[in-house]
Amino acid sequence: MESFDLAIIGGSISGLSLAYWLADSDLNIAVFEEDRNIGFPLKCSGIVSERILEIFPKLPKSIIEKRINLARISCGNKEVELEVNALILNRPKLEDWLFRKLRRKGITFVWDRVEGFYIREDNKRIAIKTKAREYYLSKFVAGCDGSASITRRFFVDKDPRKFYFAKFCYAKEKMPEEFQIFLDRRYSEFLAWRFPRRKYVEYGLATKNKLYEKFEKFTRDKGVRIEEVFGGTIPIGPTKSYFKYGLLLGDSCAQTKPLTGGGIIYSLLASKIASEIFRKENPNFKEYEKRWKKVLWKEIRYQMLLRNVLEKMNDKERIKLLAELEKLNVKRVRDFDFPVTSNLSNLSKFTLVKLFLKYLRFLF
């Protein structure tokens, strides 16, 4: 029975990045991933801030499909424009790039689905059972296995606060320059979108229910000629992210943006912190949660408040909110991954209190 120091469950962006940060350590690491075609099936659009270039200064240019400098947010006949600095990534290429680096470093990949864990009597090793009925031992476990994480269900047993179901497609048509967000409730209580990629235009939406019905209406209304269709689940509202034998990363503990559902940058920032914890002789996994929350929690909490407000609003109220945004003269999103906290300094305390009282009824 093979034995490892660290078993990373899931070979998506969170698992691959954790292995990447630890590739030069003395740890014997195995990444468990059921799909040999790294990066697929595609479940994420891949929109990030330019922080990605700080995290990976040598990121190949081929991974960046587009740069977006303008966002249009609309509901009904009301539309506001915001300057943004966002990048559209080819996520499969990003994950394949990390995978190839890990293979060159000699990281072990177990191409199988993890279906269960067993705590050995000595409490020093975890037995990992796979779909192929193989067993492996590991001292520590990192759950990077997505929104339906079996690691979370076994070790934490608590789900994120909300789940949304996303569907998006690629279409060949005249390439827009901007990122469009549609807040019309007939499409979604979450949001719908349209933006350019390298060769295609992407249309998509996320919602809690009636996904196929809403997606069909959205694409029909926009006259979309669909080339390819993808989908995934978006967890919102982080869970406890640590346990006695390890931790959770990325979608498995809902390290995602409540406003848009994106999680690439949050996963990368959290995985860097996790790698520093695993390098310690006696890792303190509670410290991991304290540290990632210090970086991400304030932004997530504010976005959760805004998400709750938006979901309780009808279209007329959302239009008024967009008008309010215009009055505040907010014309630029400084950081696409931290849109709230990066812009709070532009608003006075009086304005913030006034806004809070005005929309207080939507919070409860």
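Keep in mind it's a predicted model, so treat the numbers as computed, not measured.

(A) Fine view of the packing of helix H1 (residues 13-22) against helix H6 (residues 264-278). Following both chains from N to C, one finds H1 and H6 inclined at 40°, their axes separated by 8 Å at the closest point. Taken together, the axis directions place H1 and H6 in an arrangement best described as oblique. At the point where H1 passes H6, the crossing takes the right-handed sense. Facing Ile-13, Ser-14, Ser-17, Leu-18, Trp-21 and Leu-22 of H1, the residues of H6 in contact are Ile-264, Ser-267, Leu-268, Ser-271, Lys-272, Ala-274, Ser-275 and Phe-278. Grouping the constituent residues of the contact of H1 with H6 by class yields 8 nonpolar, 5 polar and 1 charged.

(B) Local environment of the side chain of Glu-95. By secondary structure assignment, the location of Glu-95 is in helix H3 (residues 91-104). Relative accessible area serves as the criterion here: at 3%, Glu-95 is assigned to the buried category. Among the polar contacts listed, one links the side chain of Glu-95 to the backbone nitrogen of Gly-39, at a separation of 3.4 Å. A distance of 2.7 Å separates polar atoms of two side chains, one belonging to Glu-95 and the other to Arg-91. Apart from residues no more than four positions distant in its own chain, Glu-95 is found in contact with Gly-11, Ser-12, Ile-13, Leu-16, Ile-38 and Gly-39.

(C) View of a nonpolar patch on the surface. Taken together, Met-1, Tyr-118 and Tyr-135 make up a surface patch of nonpolar side chains, about 350 Å² in accessible area. Its location among the elements puts Tyr-118 in strand S7 (residues 114-119).

(D) Up close: the packing of aromatic side chains. Per the stated rule, a full pass over the model turns up 30 aromatic pairs. Through a chain of ring-to-ring contacts, three or more aromatic side chains come together here, namely Phe-117, Phe-154, Phe-155, Phe-243 and Tyr-245. A cation over a ring is seen here: Lys-272 above Trp-21, with NZ or CZ 4.4 Å from the ring centre. Sitting above the plane of the Phe-190 ring, Arg-307 keeps its charged end 4.0 Å from the centroid.

(E) Fine view of the sheet that holds strand S13 (residues 201-207). The strand order across the open sheet formed by 8 strands is S3-S5-S4-S11-S12-S13-S10-S14, and the pairing between neighbours is mixed. Because the sheet does not close on itself, it has two edges, and the strands there are strand S3 (47-49) and strand S14 (226-236). Strand-to-strand, the axes of this sheet are offset by a mean angle of 30°, without reference to chain direction. In this structure, strand S12 (residues 191-196) lies alongside S13, joined through 6 bridges in antiparallel fashion. Counted as the bridge partner of Phe-195 is Glu-202 from S13. Packing against the sheet, helix H7 (residues 285-312) makes contact with strand S10 (162-171), S12 and S14, and its axis sits at approximately 80° to S10.

(F) Spatial organisation of the packing of H6 against H7. The contact between H6 and H7 brings their axes to 8 Å, and the two run at 165°. When the axis of H6 is compared with that of H7, the two are roughly antiparallel. Relative to H7, the crossing made by H6 is right-handed. Note on element contacts: H7 touches H6 through Phe-285, Glu-287, Tyr-288, Arg-291, Trp-292, Val-295, Leu-296, Glu-299, Ile-300 and Gln-303, opposite Tyr-266, Leu-269, Ala-270, Ile-273, Ala-274, Glu-276, Ile-277 and Phe-278.

(G) A look at the pattern of salt bridges. The full count for this structure, using the stated rule, is 26 salt bridges. Taking the shortest distance from any N to any O, the salt bridge between Arg-152 and Asp-159 comes out at 3.1 Å. Look at Arg-152 and you get buried, because its relative accessible area is 2%. Asp-159 gets classed as partly exposed once you look at its relative accessible area, which sits at 45%. Here Glu-216 makes a salt bridge to Arg-220, at a shortest N to O gap of 3.9 Å. With Glu-216 and Arg-220 both in helix H5 (residues 211-221), this residue pair falls 4 residues apart, about one helical turn. Accessibility expressed as a relative area gives 48% for Glu-216, which makes it partly exposed. One network of salt bridges, in which partners are shared, links Arg-72, Glu-79, Glu-81 and Glu-178.

Definitions and cut-offs
Residues numbered from 1 in each chain as written. Predicted model: local features only at pLDDT ≥ 70, side-chain atom pairs only at ≥ 80, totals over all residues. Heavy atoms only, no water. Axes fitted to C-alpha atoms, helices over the stretch in contact; angles between N-to-C directions. Helix = DSSP H or I, 4+ residues; strand = E, 2+ residues; numbered from the N terminus. Parallel < 35°, antiparallel > 145°, perpendicular 65-115°, else oblique. Left-handed = near helix turned anticlockwise from the far one by under 90°. Contact = heavy atoms within 4.5 Å. Nonpolar A, V, L, I, M, F, W, Y, C, P; charged D, E, K, R; others polar. Buried < 20%, exposed > 50% of the residue type's maximum accessible area, 1.4 Å probe, protein only. Polar contact = N/O pair within 3.5 Å; in protein donor to acceptor, adjacent residues only side chain to side chain. Patch = residues over 30% accessible without salt bridge, like charges linked within 9 Å, V, L, I, M, F, W, Y side chains within 5 Å. Areas by Shrake-Rupley, 256 points an atom, 1.4 Å probe, with all protein chains shown as cover. Salt bridge = Lys/Arg side-chain N within 4 Å of Asp/Glu carboxyl O. Phe/Tyr/Trp six-rings, centres within 6.5 Å; stacked < 30°, edge-to-face > 60°. Lys NZ or Arg CZ within 6 Å of the ring centre and 35° of its normal. Pairing = 2+ DSSP bridges.

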